[in-house]
Amino acid sequence: LPALRELSFVNLGFTEFGPEAFKNLSSLQTVTMRNLKFHTLPAFAFDAPLLTAFSLTISELEGIDAQAFIKTPALTTIAITDTYLRRIHENAFAGLLQLNRLNLQNNKVFHLPRAIFHPLRRASTIDLNDNNIERLDNDLFLQNGANLITLWAQRNNISSIGPRFLDNLVQLNSLFLN
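The structure reproduced in this document is the subject of the present report.

About the thresholds
Within each chain, residues carry numbers counting from 1 in the order of the written sequence. This being a predicted model, a pLDDT of at least 70 is required before a residue's local features are given, and a value of 80 or more before pairs of side-chain atoms are given or counted; all residues contribute to the totals for chains, interfaces and linings. No hydrogens and no water enter the side-chain calculation; it runs on all heavy atoms of the structure. A patch consists of residues whose relative accessible area exceeds 30% and which take part in no salt bridge; residues with like charges are grouped when within 9 Å of each other, and nonpolar side chains (Val, Leu, Ile, Met, Phe, Trp, Tyr) when within 5 Å. Computed with a 1.4 Å probe, the accessible areas rest on the Shrake-Rupley method; for each residue, only the protein chains presented here act as cover. Put simply, a salt bridge is a Lys or Arg side-chain nitrogen that is within 4 Å of an Asp or Glu carboxyl oxygen. Secondary structure elements follow DSSP: runs of H or I no shorter than four residues count as helices, runs of E no shorter than two count as strands, and numbering proceeds from the N terminus. Centres within 6.5 Å make a pair out of two Phe, Tyr or Trp rings, where for Trp the six-membered ring is used; the pair is then stacked when the planes are under 30 degrees apart, edge-to-face when over 60, and tilted otherwise. Whether a residue is buried, partly exposed or exposed follows from its accessible area with a 1.4 Å probe, protein chains only, as a fraction of its type maximum: under 20%, in between, or over 50%, in that order. If DSSP finds at least two bridges between two strands, the strands pair. The angle between two axes is taken between their N-to-C directions and runs from 0 to 180 degrees, where each axis is a line fitted to C-alpha atoms and a helix contributes only its stretch in contact. Put simply, buried Ala, Val, Leu, Ile, Met, Phe, Trp, Tyr and Cys residues joined by side-chain atoms within 4.5 Å make one nonpolar core. Residue contacts follow a heavy-atom distance rule, with two residues in contact if any of their heavy atoms lie within 4.5 Å.

1. What to know about a nonpolar patch on the surface
Then, number 1: Together, Ile161, Leu166, Leu175 and Leu177 make up an exposed nonpolar region whose accessible area comes to about 300 Å².
Then, number 2: Along the chain, Leu177 turns up in strand β13 (residues 174–177).

2. Some remarks on the packing of aromatic side chains
Then, number 1: Following the criterion strictly, the structure yields ten aromatic pairs and no others.
Then, number 2: Ring geometry for Phe69 against Phe93: centres 6.2 Å apart, planes inclined by 15°, an arrangement best described as stacked. Placement of the pair is Phe69 in the loop between β5 (63–64) and β6 (77–81) and Phe93 in the loop between β7 (87–88) and β8 (101–103), with a sequence separation of 24 residues.
Then, number 3: Its relative accessible area of 1% is what places Phe69 among the buried residues.
Then, number 4: Judged by relative accessible area, which is 0%, Phe93 ranks as buried.
Then, number 5: On the numbers, 5.9 Å between centres and 65° between planes, the contact of Phe141 with Phe165 is edge-to-face.

3. Focus on the sheet that holds β6
Then, number 1: Ordered in space as β1-β2-β4-β6-β8-β9-β11-β13, the eight strands form an open sheet in which the pairing is parallel. Of all strands in the sheet, those bounded by a partner on one side alone are β1 (6–10) and β13. The average angle at which neighbouring strand axes cross in this sheet is 5°, direction not considered.
Then, number 2: As defined by bridge partners, strand β2 (residues 30–34) adjoins strand β4 (residues 53–57) across five bridges and the pair is classed as parallel. Residue pairing across strands places Arg34 opposite Thr57, the latter belonging to β4.

4. With respect to unusual backbone geometry
Then, number 1: One non-glycine residue with positive phi stands out, namely Ile58, at about 45°.
Then, number 2: Along the chain, Ile58 turns up in the loop between β4 and β5.
Then, number 3: The exposure class assigned to Ile58 is partly exposed, which follows from its relative accessible area of 37%.
Then, number 4: In this structure, Arg155 is a non-glycine residue whose phi angle is positive, near 55°.
Then, number 5: Mapped onto the elements of the fold, Arg155 is located in the loop between β11 (150–153) and β12 (160–161).
Then, number 6: Using a relative accessible area of 44% as the deciding quantity, one classes Arg155 as partly exposed.

5. A few points about the nonpolar core
Then, number 1: Judged by nonpolar contacts, the single largest core of 49 residues is most densely connected at Phe54, Phe69 and Phe93.
Then, number 2: The set of elements that each furnish at least two residues to this core consists of β1, β2, β4, β6 and β11.
Then, number 3: Setting aside residues up to four positions removed in sequence, Phe69 forms contacts with Leu41, Phe54, Ile64, Leu75, Ile78, Ile80, Ala92, Phe93, Ala94 and Leu96.

6. Quick look at the sheet that holds strand β3 (residues 40–41)
Then, number 1: Spatially, three strands are ordered β3-β5-β7 in an open sheet, and the strand pairing comes out parallel. This sheet does not close on itself; its edge strands, each paired only once, are β3 and β7.

Written out as structure tokens, the structure is:
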């Protein structure tokens, strides 16, 4: 499907798709998924070098595997909201050097692997509101927090924030915690 630019899946009953299920989508720019039954976003899920926006909402997703987005280097926006997402591999966002906005709002995430945000060199906004996150470690933004402007982490279960958590967030204008 070399001319396909937009892909939308809504209310489909498939429970899984394998690696490279969506390959050779050289013109794909937008993926929207809503109310789906699959539980894991696998490695190499999309082979779409021009994909800029990915949205998955109101679904049964529980985990994101390592390198799930590795073949989508142009992604600038990811929104995975209102799911059962609990598990995110520390290399889930590997290769996303252009990502500007990451929205993981209203999921079930309780642990953020230390290196999860390291590949996100251009991220300016990260929304972690309404999860079950228990702590914000020093290493979350150790390598690439310099461009982060807004961080949302409200309505979580945060009981611990590393003493150097903010050290590399030199551009941070807005931090929302409660």
